[in-house]
Amino acid sequence: MKKIFALCCLMAVTFLATSCSQDMELSENQGYLSLKINTLVSTTNPDGTRSSAPSNYAPKQLHVEIINEAGSVVMSTNDFANDAAFNSQITLTSGNYTVRAYSNGWDGSGSGFGVPYYYGTTNVDVMAKTLQTARVTCTLANVKVTVEYDQSFVDNFNSANTTVSSAKAGVSPLSFVMGQTTQSGYFPVANLTAQLDVQNKRGESHSMTREITDVKARNHYILKYKVADSGNLGDGTTGGINVTVDESTQTYTYTFEVPKTSGTAFTTYATNAWSTFAYINAAIASKTSEFDMAGFTLQWKKATDATWNDVPSSALTIDSEDKISYKLTGLTAKTDYEYRLHYVKGDDEVNSETASFTTDVETEIYNGSFESWYTSGKIQYPNESGKTYWDTSNPPSAKYIGSITTSTTEMVHSGQYAAKLTSKWAVVKFAAASLYTGQFDALVGINGAKLYWGTPFEGRPTSLHGFLHYEPGTINRTNGTEPSDAPASGEDDQLGLYCALLTEQLHVDNTDMSTFPDWETDSRVVAYGALPTSQCGRTAGDWLEFDIPLVYRSLTIKPTHLLVVCSSSKYGDYFHGSDASVLYVDDFSLIYGTNPATK
């Protein structure tokens, strides 16, 4: 975690090569060095033994050393600003020198209030009979910490103390007492820990600890404590935190939101949000012996609203471990919501952290009214031209018998058109008309086909709704491979109609039943529903209104594809049925209810 500290002193010594008017006073291997030191704001740290700053420590009183290539100090001062020898031209033998400047009298490796430590160094080449001017930049070499208590904090706590400790061994912690400590503290460069100890207005004492890592010299860490709207100090860690950074001054401001009460705490978990309802999960993490359930509510609202709606505790399901569940209904699709747990009794008021969620979209079936059709060659498609959503059994059958799934005006529930599916004998094999969401892939033999089942989809509907009219013929086509529950020869044919929500598009071959999913066990199937057998026979009257519940295998997995399949002969994939069966379908839609069926 990055932290921040302000720069505190910058000093400089600039190097410029110039001709020297005093050449005659120098030997052949001597030159002049001039030091110009200005105080600005900045960084760094020399080695040294850890110690406490002396009582008369003056951070901006600089110790300056000039060190030759052999490492020997050829000249030094403990007070650069007031040393005349260092404020005039210095005569040195030609060579490379290191100029080092730092706060005099202390190495900055301990802690203390009001004791910044500055350090800087540079190299310079002194050349014969020339004047060099050096600029040394001294910057803050330790770490600054400031603690601030917001007025709301002062108003709501009897006392507060923040103890800041260094991870460096032997460094004394510093105590910042609310209402007393006004100075900033300084520490050597190492990770820091800030422990807040408070006593609230009820006389309860609690602590909260935060670690500050990745600490660097020059950083200024401002720890600001203010009262939070919610939370608990009982676990020693709870409390909101916000960090802002001012790069220009290397200042990191930590704002800690600390709850004014303690003993009661709540936890909110991930929400499973559908389009019109959401499963809320939360818990009472801790509570006092005086906790009164009458003061406990679940609050929720649209993210854009200002006012919370209340759900009383009596409506919530709370188990023996204080885990809470609730089904929140009456929501709007594709909308942002917030919720929290709220408790109030007398002066004790606690809110959980606010949790947010977004409800699902309610995607509709494209061309569910079957008003859009186009023809390409001999094949009719139930889409607008260029759109791939619905497909049919027309591609494999059209070569021999034309389109067997077509638009019709002879039997329509609403609008101008409906879809008509007609089972036929296709030269050498039986062909059941089908209508499905997906795409035709390729022919297999004379009358078989590979298909892509499912079209991209977003949403979690609870049922498929629509209208159908069925005129079954008598079973007259079979090859003995049909399932045992299929109607026998001489009995009425049955229609097929089912819907599935999938996690991927399926690739099936209607000549190979092993490529078909097991709707009960396939992990790619999120939900499935089929028209019951009792409704798969002859329609009494013009139209049968149906509603197929989608039975969910999981209430948390979101589907990516929608599959709807209609067939004029339910067992047509086994080449079993009647070549006189006709199915009409119209006005398909998805229902987004509040009670999804489950296995």
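Going along each chain's sequence as written, the residues are numbered from 1 onward. Totals for whole chains, interfaces and linings use all residues, but because this is a predicted model, local features are given only for residues with pLDDT of at least 70 and pairs of side-chain atoms are given and counted only at 80 or more. With hydrogens and water set aside, each side-chain value is computed from the structure's full complement of heavy atoms.

*Asks:* It is not clear to me how the overall build of the protein should be interpreted in this structure. Could you clarify?
*Replies:* When helices and strands are tallied, the protein shows two helices and 48 strands. Residue contacts are counted whenever heavy atoms from the two residues lie within 4.5 Å of one another. For the protein, the proportion of contacts with a sequence separation of at least 24, taken over those separated by at least 6, is 72%. Throughout, the Shrake-Rupley method with a 1.4 Å probe supplies accessible areas, and for residues the shown protein chains are the sole cover considered. Accessible surface, the protein as shown: approximately 26,300 Å² in total, 46% of it carbon and sulfur. Numbered from the N terminus, helices here are DSSP runs of H or I no shorter than four residues, and strands are runs of E no shorter than two.

*Asks:* It is not clear to me how the environment of Pro-461 should be interpreted in this structure. Could you clarify?
*Replies:* As for its placement among the helices and strands, Pro-461 is situated in the loop between strand E39 (455-456) and strand E40 (463-471). Only protein chains enter the area calculation, which uses a 1.4 Å probe; residues under 20% of their type maximum are buried, those over 50% are exposed, and those in between are partly exposed. Of the residues examined, Pro-461 reaches a relative accessible area of 0% and is grouped as buried. Setting aside anything within four residues of it in sequence, one finds Pro-461 in contact with Leu-501, Leu-550, Tyr-552, Leu-590, Ile-591 and Tyr-592.

*Asks:* What am I meant to see in the pattern of salt bridges here?
*Replies:* Opposite charge on two side chains lets them pair, provided their charged atoms get close. Take a side-chain nitrogen of Lys or Arg and a carboxyl oxygen of Asp or Glu: if they are within 4 Å of each other, that pair is a salt bridge. Applying the stated criterion to the full structure yields eleven salt bridges. When the shortest N-O distance is used, the salt bridge between Arg-477 and Asp-579 registers 3.0 Å. Here Arg-477 is found in the loop between E40 and strand E41 (496-502), whereas its partner Asp-579 is found in the loop between strand E46 (561-567) and strand E47 (582-591), with 102 residues between them in sequence. For Arg-477, a relative accessible area of 24% gives the class partly exposed. Linked by salt bridges that have partners in common, Asp-360, Arg-460 and Lys-558 make up one network.

*Asks:* In this structure, what is going on with the pairing of strand E43 (residues 525-530)? I would like to understand it.
*Replies:* Both faces of the sheet carry side chains from a regular strand, because those side chains alternate between them. Along E43, five of the six residues are buried, which leaves the element largely enclosed by surrounding structure. When DSSP finds at least two bridges between two strands, those strands are taken to pair. Judged from the five bridges that link them, E41 and E43 form a sheet pairing that is antiparallel. Looking across to E43, one finds that Tyr-498 is bridged to Ala-530. Relative to strand E45 (residues 551-552), E43 runs antiparallel, the two being bridged by two bridges. Looking at the pairing, Ala-527 lines up with Tyr-552 of E45.

*Asks:* I tried to follow helix H2 (residues 394-401) on my own but got confused; where do I start?
*Replies:* The α-helix advances 3.6 residues per turn, and as a result positions three or four apart in sequence lie on the same side. Asn-394, Pro-395, Pro-396, Ser-397 and Ala-398 are the residues of H2 that are buried. Contacts made by the buried residues of H2 are with strand E31 (379-381), strand E32 (390-392), strand E33 (405-408), strand E37 (434-444) and strand E38 (448-453). Directly after H2, the chain includes Gly-402, whose backbone phi takes a positive value near 80°.

*Asks:* Even after reading the chapter, I still don't get the sheet that holds strand E16 (residues 205-212), so can you show me in this structure?
*Replies:* Where strands meet in a sheet, backbone hydrogen bonds hold them as pairs that are either parallel or antiparallel. If you walk across this open sheet you meet the four strands as E13-E12-E15-E16, and the pairing is antiparallel. Of all strands in the sheet, those with a lone pairing partner are strand E13 (174-177) and E16, marking the two edges. The sheet shows a mean angle of 20° between the axes of neighbouring strands, taken without regard to direction. Fitting a line to C-alpha atoms yields each axis, with helices limited to the stretch in contact; the angle taken between N-to-C directions then spans 0 to 180 degrees.

*Asks:* When you look at the sheet that holds strand E6 (residues 95-103) in this model, what are you seeing that I'm missing?
*Replies:* Taken together, five strands build an open sheet; the order of strands is E4-E3-E6-E8-E10 and the sheet is antiparallel. Taken across any chain shown, the strands that pair with only one partner, and hence form the sheet edges, are strand E4 (73-77) and strand E10 (139-140).

*Asks:* Mind showing me how you'd approach a nonpolar patch on the surface here?
*Replies:* Each patch is assembled from residues with relative accessible area greater than 30% and no salt bridge, linking like charges that lie within 9 Å and nonpolar side chains (Val, Leu, Ile, Met, Phe, Trp, Tyr) that lie within 5 Å. A surface patch of nonpolar side chains, about 260 Å² in accessible area, is lined by Tyr-400, Val-427 and Val-428. Topologically, Val-427 is positioned in the loop between strand E35 (424-426) and strand E36 (429-431).

*Asks:* Hey, could you run me through the side chain of Thr-130 in this one?
*Replies:* Looking at where Thr-130 falls in the secondary structure, it is placed in strand E9 (residues 130-134). What makes Thr-130 buried here is its relative accessible area of 16%. Here the side chain of Thr-130 touches Met-127 through a polar contact of 2.9 Å, landing on its backbone oxygen. Pairing of N or O atoms within 3.5 Å defines a polar contact, subject to two protein rules: one partner must be a possible hydrogen donor and the other a possible acceptor, and residues neighboring in sequence count only if both atoms are side-chain atoms.

*Asks:* Can you help me understand the side chain of Ser-434 in this one?
*Replies:* Relative to the assigned elements, Ser-434 resides in strand E37. If we skip the residues at most four places from it in the chain, Ser-434 touches Asp-391, Thr-392, Ser-393, Thr-405, Leu-421, Cys-566 and Ser-567.

*Asks:* Just checking my understanding: could you explain the layout of surface pockets for this structure?
*Replies:* To find leftover empty space, a probe the size of one water molecule is rolled over the atoms. One number sums up the size of the largest pocket: a volume of about 870 Å³. Those elements that provide at least two residues to the lining of the largest pocket are H2, E36, E37, E38, E41, E43 and E46. Grouping the constituent residues of the lining of the largest pocket by class yields 25 nonpolar, eleven polar and four charged. Each cavity reported here is a set of points on a 1 Å grid over the protein atoms alone in which a 1.4 Å probe fits but cannot get out, each pocket an open set with protein on both sides within 12 Å along at least five of seven lines, and each lining residue one with an atom within 4 Å of a point. Grid points are joined across faces, edges and corners, and a volume is the space filled by probe spheres set on the points. Residue type decides the class: Asp, Glu, Lys and Arg count as charged, Ala, Val, Leu, Ile, Met, Phe, Trp, Tyr, Cys and Pro as nonpolar, and the leftover types, Gly among them, as polar.

*Asks:* Please clarify how the pairing of strand E5 (residues 90-93) should be interpreted in this entry.
*Replies:* A one-sided burial pattern is seen for E5, the buried positions being Ile-90 and Leu-92 and the unburied ones Thr-91 and Thr-93. By the bridge criterion, four bridges tie strand E2 (residues 30-35) to E5 in an arrangement that is antiparallel. Residue Gly-31 lies in a different strand from E5, and its bridge partner there is Leu-92.

*Asks:* Teacher, can you tell me more about the packing of aromatic side chains here?
*Replies:* Each aromatic ring pair is described using two quantities: the centre-to-centre distance and the angle formed by the ring planes. Aromatic rings from Phe, Tyr and Trp, taking only the six-membered ring of Trp, are treated as a pair when their centres fall within 6.5 Å; an angle between ring planes under 30 degrees marks them as stacked, one over 60 as edge-to-face, and anything in between as tilted. Tallied over the full model, the rule gives 30 aromatic pairs. Judged by centre distance (5.3 Å) and plane angle (55°), the ring pair of Phe-370 and Trp-390 falls under tilted. Placement of the pair is Phe-370 in the loop between strand E29 (355-358) and strand E30 (374-376) and Trp-390 in strand E32, with a sequence separation of 20 residues. Accessibility assignment for this pair places Phe-370 and Trp-390 in one class, buried. On the basis of an interplanar angle of 10° and a centroid distance of 4.8 Å, the ring pair of Trp-519 and Tyr-528 is categorised as stacked.

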